Amino acid sequence: MDGSCKHFISLSLAWLAFFCLCFTFVSAELQRFQQPAKADGSLGFLVIGDWGRKGAYNQSEVALQMGKVGEKLSIDFVASTGDNFYDKGLSSPCDPDFKDSFTEIYTANSLQKQWYSVLGNHDYMGNVRAQLSPILRRIDSRWLCRRSFIVNTEIAELFFIDTTPFVDEYFRNPKHQKFDWRGVIPRKKYLRRVLKDVESALRESVANWKIVIGHHPIRSMGHHGETKELIMQLLPVLEANNVDMYINGHDHCLEHISSITSPLQFLTSGGGSKAWKGDFHYLDRDEMKFYYDGQGFMSVELTQTNARIVFHDVLGKVLHSLDLSKQLYTAM
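Since we're looking at a predicted model, the values are computed, not measured. (Residues numbered from 1 in each chain as written. Predicted model: local features only at pLDDT ≥ 70, side-chain atom pairs only at ≥ 80, totals over all residues. Heavy atoms only, no water.)

Participant: Where do I start with the overall build of the protein in this structure?
Facilitator: Helix and strand counts for the protein stand at nine helices and 15 strands. By the burial criterion, 58% of the 332 residues in the protein qualify as buried. In the protein, 73% of the contacts between residues at least 6 apart in sequence involve partners at least 24 apart. Within the structure as shown, the protein displays about 14,700 Å² of accessible surface, and the carbon and sulfur contribution to it stands at 53%. (Helix = DSSP H or I, 4+ residues; strand = E, 2+ residues; numbered from the N terminus. Buried < 20%, exposed > 50% of the residue type's maximum accessible area, 1.4 Å probe, protein only. Contact = heavy atoms within 4.5 Å. Areas by Shrake-Rupley, 256 points an atom, 1.4 Å probe, with all protein chains shown as cover.)

Okay, here's the thing in structure tokens:
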């Protein structure tokens, strides 16, 4: 631990105690963060997942293209779908991996915006509280990571959900894989609260676009495939509340699946660094719109009534795009 980080910690102890108290107090509902749209009412952001490898596996190359696309679109923020730091998250708020895999990689001027991040399963293998710590915001003010939270813009609401605790497999072999479950145990109570809070927030939302972001896929033809726990527990909530997009990582690919039972679009952006070539399952061709087993990222542009989603590869090439439109929401 270097002297500068010790200084950050000593300055932050009182603030951290207050933060923890406040976080405990508001844990009964999802925290909300305000993100203004542009003056013309539009919104633009990038989505990246499964990235933190100190620049290796083309992470730096993806970051370079993100900077170029971010500048072209004049993005407002970046969303991370988790697995932010490999292989085992961060060990502490002073872990050098934070700077080596984040601050010193995403250096383009266009990426000096707020980053909203959720946790992935690899993040849970480290010290989860390190990524949630306000000390990281003193090191790099772009960083904002929570378990589950809402980003409220003037034209859309983004609901970030902590999906790792939903996966039964992670609780079956505690000796094989060790996870930091502080704040999650007792698990059933935690999951009930998350689902209740998400359902309530979605039901009360008057945003014209409802976008849910988590680490694990609901639908995917990638290496990990579908997450049955999310299909059973989360998907009905999303469909009942007219969610437009579910965005995830976990599978190291880029992917678009269109629901045949609802308007919901399943979008995977997990190509931030290491990818899995040729590792996929087959899905119904009516649902499967696009799959790419390489590195890249996603861009989203929104207005009140239109959305454009674009998948970019490691060289910045446009691989696939999706245009959505809808009527302006009117509260009854």
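Participant: Is there a simple way to explain the pairing of strand E11 (residues 265-269) in this structure?
Facilitator: For a regular strand, the rule is simple: side chains alternate between the two faces of the sheet. Extensive coverage of E11 is indicated by the burial of five of its five residues. With burial as the criterion, each face of E11 is covered, one bearing Gln 265, Leu 267 and Ser 269 and the other bearing Phe 266 and Thr 268. In the sheet, strand E9 (residues 245-248) pairs with E11 via four bridges, with the strands oriented parallel. The residue bridging Tyr 246 from the neighbouring strand is Phe 266, located in E11. Inspection of the sheet shows strand E10 (residues 254-258) paired to E11 by five bridges, in the antiparallel sense. Paired with Glu 255 across the bridge in E11 is Thr 268. (Pairing = 2+ DSSP bridges.)

Participant: Is there a simple way to explain the confidence of the model for the protein in this structure?
Facilitator: In low-pLDDT regions, the fine details of the predicted coordinates are not to be read closely. Mean pLDDT for the protein: 91, with 89% of residues reaching 70 or above. Predicted confidence is poor over residues 13-28, with pLDDT under 50, and the contacts of this stretch with residues over four places away or in other chains come to 11 contacts. (pLDDT = per-residue confidence, 0-100.)

Participant: I keep staring at the sheet that holds strand E14 (residues 306-313) and nothing clicks. Help me out?
Facilitator: Hydrogen bonds between backbone groups are what pair the strands of a sheet, and the pairing can be parallel or antiparallel. Taking strand neighbours across the sheet as the criterion, the seven strands line up as E5-E4-E3-E2-E13-E14-E15 in an open arrangement whose pairing is mixed. A strand with exactly one partner marks an edge of an open sheet, and here the two such strands are strand E5 (143-145) and strand E15 (318-325). In this sheet, adjacent strand axes meet at a mean angle of 20° when their direction is disregarded. The pairing of strand E4 (residues 114-117) with E5 spans three bridges and is classified as parallel. When the bridges of E5 are listed, Tyr 116 appears paired with Leu 144. Here helix H2 (residues 59-73) sits on the sheet in contact with strand E2 (43-48), strand E3 (77-80), E4, strand E13 (296-302) and E14, set at roughly 15° to E13. (Axes fitted to C-alpha atoms, helices over the stretch in contact; angles between N-to-C directions.)

Participant: Before we go on, may I ask you to explain the pattern of salt bridges in this structure?
Facilitator: Pairs can form between side chains of opposite charge once their charged atoms are near each other. What the rule picks out here adds up to 12 salt bridges. Note that Asp 97 is salt-bridged to Lys 54, the shortest N-O span being 3.3 Å. Of this pair, Asp 97 sits in helix H3 (residues 97-103) while Lys 54 sits in the loop between E2 and H2, and the two are 43 residues apart along the sequence. A residue is classified by how much of its surface remains accessible, and Asp 97, at 13% relative accessible area, is buried. With its nearest N and O atoms 2.8 Å apart, the salt bridge here joins Asp 323 to Arg 308. Of this pair, Asp 323 sits in strand E15 while Arg 308 sits in strand E14, placing them 15 residues apart in sequence. (Salt bridge = Lys/Arg side-chain N within 4 Å of Asp/Glu carboxyl O.)

Participant: Whenever I open this one, the sheet that holds strand E6 (residues 149-152) confuses me. Can you help?
Facilitator: With mixed pairing, eight strands are arranged side by side in an open sheet as E1-E6-E7-E8-E9-E11-E10-E12. One side of each edge strand has no neighbouring strand; the edge strands of this open sheet are strand E1 (31-34) and strand E12 (288-292). Direction aside, the axes of adjacent strands within the sheet are offset by 15° on average. As judged from the four bridges shared by E6 and strand E7 (residues 156-161), these two strands associate in the antiparallel manner. Paired with Asn 152 across the strands is Glu 157, a residue of E7. Relative to the sheet, helix H7 (residues 187-204) contacts E1, E6, E7 and strand E8 (209-214), its axis offset from that of E7 by approximately 175°.

Participant: Quick question: what am I supposed to make of the packing of aromatic side chains here?
Facilitator: When we look at a pair of aromatic rings, we describe it by the centre distance and by the angle of the planes. For the coordinates displayed, the defined rule picks out 24 aromatic pairs. With centroids separated by 4.6 Å and ring planes inclined at 10°, the aromatic side chains of Phe 45 and Phe 77 adopt a geometry described as stacked. With Phe 45 in strand E2 and Phe 77 in strand E3, this residue pair connects regions lying 32 residues apart in the sequence. Note on accessibility: Phe 45 and Phe 77 belong to one class, buried. Arranged with centres 6.4 Å apart and planes meeting at 40°, the rings of Tyr 116 and Phe 149 form a pair that is tilted. Taken as a pair, Tyr 116 in strand E4 and Phe 149 in strand E6 lie far apart in primary sequence, 33 residues in all. The buried category is assigned to Phe 149, whose relative accessible area is 0%. (Phe/Tyr/Trp six-rings, centres within 6.5 Å; stacked < 30°, edge-to-face > 60°.)

Participant: What am I meant to see in the nonpolar core here?
Facilitator: Nonpolar side chains in soluble globular proteins tend to be buried together. Counting residues in each nonpolar core, the largest one holds 62 residues, and the members touching the most others are Met 66, Tyr 106, Leu 238 and Tyr 246. Per element, the largest residue contribution to this core is seven residues, and it comes from H7. Among the nonpolar cores identified, the runner-up in size contains 32 residues, and Phe 33, Phe 77, Ile 155 and Phe 311 belong to it. (Core = buried A, V, L, I, M, F, W, Y, C linked by side-chain atoms within 4.5 Å.)

Participant: Mind showing me how you'd approach the environment of Asp 197 here?
Facilitator: Inspection of the secondary structure assignment puts Asp 197 in helix H7. Here Asp 197 falls in the buried class, since its relative accessible area comes to 11%. Sequence spacing of Asp 197 and Glu 29 is 168 residues, and the spatial spacing of their C-alpha atoms is 5.6 Å.

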